[in-house]
Amino acid sequence: MADITNQSLNEIIENVKTKKVSSTDLTKAYIKNIESAKKLNAFVTTTFDQALDKAKQFDNKPNFDQLLPGIPLAVKDLFCTENTKTTAGSNILNNFIPSYESTVTKNLWNDGSFLLGKLNCDEFAMGSSNETSHYGNVINPVGDQLVPGGSSGGSSSALAADLTPATIGTDTGGSIRQPASFTGTVGLKPTYGLCSRWGIVAFASSLDQAGPMTKTIKDCAIMLESMSGFDEKDSTSINKKKEQYSKNLKDNIKGLKIGIPKEYRVDNMPKEVDELWEKGKKILKDLGAQLIDISLPHTKYALPTYYIVAPAEASSNLARYDGVRYGYRSKQGKDLIEMYEKTRSEGFGDEVKRRILIGTYVLSSGYYDAYYLKAQKVRQLIKKDFDDSFTKIDAILTPSTPSSAFKIGEKTNDPVSMYLNDIFTVPVNLAGLPALSMPAGVDKKGYPLGLQLIGKALDEQKILNIGYAFEKNCDFKNEIKKWWS
Amino acid sequence: MSLDKEKIKHVAKLARISVDDAKVESLTKDLNSIFKFIEQLNELNTDKVEPLTSILNQSLRSRKDEISDGKIREKVLKNSPKENDEFFVVPKVVE
C-alpha cells in the first residue's frame, strides 16, 4: 500500500477498520517518520515502546466500533500524561512526571487511540513562533529556518510533516489557529468550556481551551467529538450532551449569513492576505451563502486587553512553581525566599518572566483599577461587539493571521511585533467563542495562509460545516517536500 | 506612564524572580514598549461599562463537600525536588 502516513485521519481509520493496515504497522510507519525528522525538533519526548505495546494489544483484540481505533497520536507537551514526562516547554518542569492523565487525553485514549509522544511548544504556551521553548526551536516543514507558529508549534510541524495522523493543541490567544495557518493545516479553538481544562498546564485560565489540529475538516470533527465533553473536575466545563460532529457534517451552506468585519482589514496587511480573503468570500458566495458587512468596533483594543488579562492570570497561575513540591529547584539560595527567587529565575525563560512581571505589575496595589479592571471592561465591549453581530449573522469570515510563516529570529527582538501576529485570533478568546482556521492558499513565496471562521458560542457544527463546504471548493493542496529526511 | 529600573526590580521582588542588573536594562526597554502598546486602552471611556468577570452563561457549580480521594502521599511527593518520605523539605525558615 502507498505511504499511509500522508493520508487523512479519516482515511487511516477506514484502512484500520477494513484491515488494510494493522495498528502495529501504522505505528511503525509513524515511528520511522519521526526518527528521520529529528531536524524539525517537533518532539520533546517519544513513547515508542509504550505505543507499540498498545498497538499490539489493539491488534490482538481490536474494537473497530471506536472513534479512533488503534490510532497513535502525538500531543502537545502541555497535556499532563500519566507516567510520561510533561514539560510545558519549560526548564522548570524538565523532570515533572504526572501521576494523572488530563481529561482531554483520557477521552482520546478511551476512544481507542494511544500516545506516540509529546510535542514541543512555546514555554507555558507563551509565544507565537515556538522560539520560547526551553527545548529549542521547532522547524516548519514548509521551509528550513521558518517558524511553525506558536505556541502549538511542535503540533503543527509534526502534523504537516506526517509525524502524527492528527494532534491536539491549546489556544489562549491563537496558539492553535496561527500555527495551523502557518503550516497549511486545520485548527479549531472550541467554545470556552467545551473541552475540559483539567490536567492541562494552566496559562490564562479564562482564555485557555484545548482543540484539534488536523489535515482536514472531517478529521477535525472526529477529534473534537472525541476530546470534548462535560467534566466535573473543571468548574468551567459546560454541562451538555456530547455532539456527533463528524456524523452531522454537511456541506450545504445555502442561505447562511456570513459576516465580514471591516476592522479586520488592518494597516500594512500584505496584499496577498487581502486577496485570499476575497477568494474565500467568493467561494462562500458561490456556494449560496450571503455576505453581510459587519462592524466589530473594538477589535483594535483586543490585543492590548489580552496583554493585561493573560499575563495577570499567568502571574497568578505560575506562582505555583516555587521549587518545593515539584519541578526544578535551584541549588543556590541561602534561605527560602532566595531559593524561590533563584529557582524561578533559572527555571523560567525570558518571555515567561516578562509576562509574569507584566501580570504582577497590573495586579499590584495602586495599579489594579488602571489596568486589570480597565481590561475587564474593554473585554465586555469586545464580547458585546460579537453578541450584537451574531443577532444578524451565522458566522464570521476573516484572515487567520496578518502574514505567512516568518523566519526564525525575525521577530524575537521586538515583543510587540511578535504579539501582533495574534491580532485576528485574540478577540475570539476574549469572547469565549469557537473559531476555525482552514488552509486557503499560498502567498508569493509559496507559504500557506489560512482563513478563520468564527461562530456563536457552541456553534462548532456550523463552522465545521462551512469549513467542509469551503474545503471541497478550494483548490488548496498542501504540498510539502520532505527535505528533512 | 513609564517604568524605571527601580520599579522593575520591585515588581520582580513581588513576583519572586531574581533579575540580574545586566538584564534590568533590556527588560525596562521591553516592558515600556509593551505598556505603551497596552495604554491604547486609555482612549476608551469605560465609565459606564460593567467589568466582564466570566464569559460563561452559567454560574460556577458547587459540589458536595466530601472526600473523593486521598492516601496518595507517595504520588504527591513523587515529583518533589527534595523530601524525606513524609514531607516536602525547604531551606531552614526559623532560626
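See the structure shown above.
Now for a look at the structure at hand. (Residues numbered from 1 in each chain as written. Chains lettered and ligands numbered in written order. Predicted model: local features only at pLDDT ≥ 70, side-chain atom pairs only at ≥ 80, totals over all residues. Heavy atoms only, no water.)

Here we take up the overall build of chain A. On a plain count of helices and strands, chain A comes out with 15 helices and eleven strands. Taking 2.2 N^0.38 as the reference for a compact globule, 485 residues should give roughly 23 Å; the C-alpha atoms of chain A span a radius of gyration of 21 Å, in line with that estimate. With respect to the three principal axes, the spread of C-alpha positions in chain A is 65 × 55 × 45 Å. Scored against the burial criterion, the 485 residues of chain A give a buried share of 67%. When contacts within chain A are restricted to residue pairs at least 6 apart in sequence, those whose partners lie at least 24 apart make up 75%. About 16,800 Å² of surface is accessible on chain A, with carbon and sulfur atoms providing 47% of the total. Of the charged side chains in chain A, 61 are positive and 57 negative; the average position of the first set lies 2 Å away from that of the second. (Helix = DSSP H or I, 4+ residues; strand = E, 2+ residues; numbered from the N terminus. Rg over C-alpha atoms; globule rule 2.2 N^0.38 Å. Buried < 20%, exposed > 50% of the residue type's maximum accessible area, 1.4 Å probe, protein only. Contact = heavy atoms within 4.5 Å. Areas by Shrake-Rupley, 256 points an atom, 1.4 Å probe, with all protein chains shown as cover. Lys, Arg positive; Asp, Glu negative; His and termini not counted. Charge placed at Lys NZ, Arg CZ, Asp CG, Glu CD.)

All names here are of chain B. A contiguous nonpolar patch, built from Ile 72, Val 76 and Phe 88 and spanning about 220 Å² of accessible area, is present on the exposed surface. Looking at the secondary structure, you find Ile 72 in the loop between helix 2 (21-38) and helix 3 (73-77). Accessibility expressed as a relative area gives 34% for Ile 72, which makes it partly exposed. (Patch = residues over 30% accessible without salt bridge, like charges linked within 9 Å, V, L, I, M, F, W, Y side chains within 5 Å. Salt bridge = Lys/Arg side-chain N within 4 Å of Asp/Glu carboxyl O.)

Turning our attention to helix 4 (residues 103-110) of chain A. Residues and elements named next belong to chain A. The element helix 4 is largely enclosed, with a buried count of six among its eight residues. Along helix 4, the positions that sit buried rather than exposed are Thr 103, Val 104, Thr 105, Asn 107, Leu 108 and Trp 109. The elements touched by buried residues of helix 4 are strand 2 (72-76), strand 3 (114-119), strand 4 (167-171), strand 6 (209-214) and helix 7 (217-227). Two residues or fewer after helix 4 comes Gly 112, characterised by a positive phi angle close to 110°.

Contact with chain A, which involves 73 residues of that partner, is made by 51 residues of chain B. In this assembly, chain A packs against chain B so that about 5,400 Å² is buried in total across both faces, 66% of it on carbon and sulfur atoms. Together, A:Glu341, A:Leu357 and A:Tyr361 form the three largest contributors to the area buried by chain A at its contact with chain B, with a combined 12%. Remark: the boundary between chain A and chain B carries four salt bridges. A salt bridge links B:Glu43 to A:Lys300, with the nearest nitrogen and oxygen atoms 3.3 Å apart. Viewed at the interface, chain B and chain A are joined by 24 residue pairs in polar contact (both at pLDDT 80 or more). Put simply, the parts of the chain that give the side of chain A that touches chain B at least two residues each are helix 9 (302-317), helix 10 (336-347), helix 11 (350-363), helix 12 (369-389), helix 13 (415-419) and helix 14 (426-431) of chain A. For the side of chain A that touches chain B, the element with the highest residue contribution is helix 12 of chain A, accounting for eleven residues. Considered class by class, the residues forming the side of chain A that touches chain B number 35 nonpolar, 20 polar and 18 charged. (Buried area = accessible area lost by both parts, 1.4 Å probe. Polar contact = N/O pair within 3.5 Å; in protein donor to acceptor, adjacent residues only side chain to side chain. Nonpolar A, V, L, I, M, F, W, Y, C, P; charged D, E, K, R; others polar.)

Between the first and last C-alpha of helix 10 of chain A there are 16 Å, a value that for twelve residues agrees with the 16 Å anticipated at 1.5 Å per step. Looking at helix 10 of chain A, one finds that the buried residues are A:Leu336, A:Met339, A:Tyr340, A:Glu341, A:Thr343, A:Arg344, A:Ser345 and A:Gly347. Next to the buried residues of helix 10 of chain A lie helix 11 of chain A together with helix 1 (5-14) of chain B. (Expected span 1.5 Å × (residues − 1).)

Another point: empty space enclosed by the protein. Residue and element names in this part refer to chain A. Across all of its chains, the model carries six cavities of 30 Å³ or more by this definition. Ala 125, Gly 127, Ser 175, Tyr 306 and Asp 422 are, among the 13 residues lining the largest cavity, the residues nearest its centre. Tallied by class, residues from the lining of the largest cavity come to five nonpolar, six polar and two charged. Of the volumes computed, that of the second largest cavity is approximately 50 Å³. What lines the second largest cavity is simply Leu 194, Ser 228, Gly 229, Phe 230, Ile 238, Lys 240, Lys 241, Lys 242, Glu 243 and Tyr 245. Across the lining of the second largest cavity, the residue classes tally to four nonpolar, two polar and four charged. (1 Å grid on protein atoms, 1.4 Å probe; cavity = no way out; pocket = protein on both sides within 12 Å on 5 of 7 lines; lining within 4 Å. Points joined across faces, edges and corners; volume = space filled by probe spheres on them.)

Residue and element names in this part refer to chain A. You can see Leu 430 is positioned in helix 14. Assessed through its relative accessible area of 0%, Leu 430 is described here as buried. Along the backbone, Leu 430 and Leu 146 are 284 residues apart, and their C-alpha atoms lie at a distance of 29 Å.

In sheet architecture, strand pairing relies on hydrogen bonds along the backbone and comes in two forms, parallel and antiparallel. All names here are of chain A. Taken in spatial order, the three strands make up an open sheet running 1-3-2, and their pairing is mixed. The open sheet has two edge strands, strand 1 (43-46) and strand 2, and neither has a second partner. The sheet shows a mean angle of 30° between the axes of neighbouring strands, taken without regard to direction. Both strand 1 and strand 3 contribute to a ladder of three bridges, which runs antiparallel. Across the sheet, Thr 45 pairs through a bridge with Lys 118, a residue of strand 3. Seen against the sheet, helix 4 touches strand 2 and strand 3 and runs at an angle of roughly 175° to strand 2. (Pairing = 2+ DSSP bridges. Axes fitted to C-alpha atoms, helices over the stretch in contact; angles between N-to-C directions.)

So, on to the nonpolar core. Residues and elements named next belong to chain A. Residues Phe 124 and Phe 386 are the most contacted members of the largest nonpolar core, which totals 154 residues. Tallying contributions element by element places helix 9 first for this core, with nine residues. Beyond its immediate stretch of four places on either side in the chain, Phe 124 contacts Leu 78, Ala 88, Ser 90, Ile 92, Leu 93, Val 201, Phe 203, Leu 318, Tyr 321, Phe 348 and Val 352. In terms of nonpolar packing, the next biggest core, distinct from the first, is built from seven residues, Leu 146, Ala 405, Phe 406 and Tyr 447 among them. (Core = buried A, V, L, I, M, F, W, Y, C linked by side-chain atoms within 4.5 Å.)

Now for the state of the cysteines. Across all of its chains, the model carries zero disulfides over all chains by this definition. In this structure A:Cys80 is not part of a disulfide, and its nearest cysteine sulfur, from A:Cys121, lies 11 Å away. (Disulfide = S-S within 2.5 Å.)

All names here are of chain A. Pairing is mixed in the open sheet, where eight strands are placed in the order 4-6-5-10-11-9-7-8. Edge positions in the sheet fall to strand 4 and strand 8 (290-294), since each of these pairs with one other strand and no more. Neighbour-to-neighbour, the strand axes of this sheet turn through a mean angle of 30°, independent of strand direction. Across seven bridges, strand 10 (residues 435-442) lies against strand 11 (residues 448-455) in antiparallel orientation. Each residue of the ladder has a partner; that of Pro 439, found in strand 11, is Gly 450.

For strand 11 of chain A, the buried fraction is high: eight of the eight residues fall into the buried class. Burial of the side chains of strand 11 of chain A extends over both faces: A:Pro448, A:Gly450, A:Gln452 and A:Ile454 are buried on one face and A:Leu449, A:Leu451, A:Leu453 and A:Gly455 on the other.

For the rest of this paragraph, the subject is the side chain of B:Ser80. Mapping B:Ser80 onto the fold places it in the segment after helix 3. Excluding anything up to four places from it in sequence, B:Ser80 contacts A:Val324, A:Arg325, A:Tyr326 and B:Phe88.

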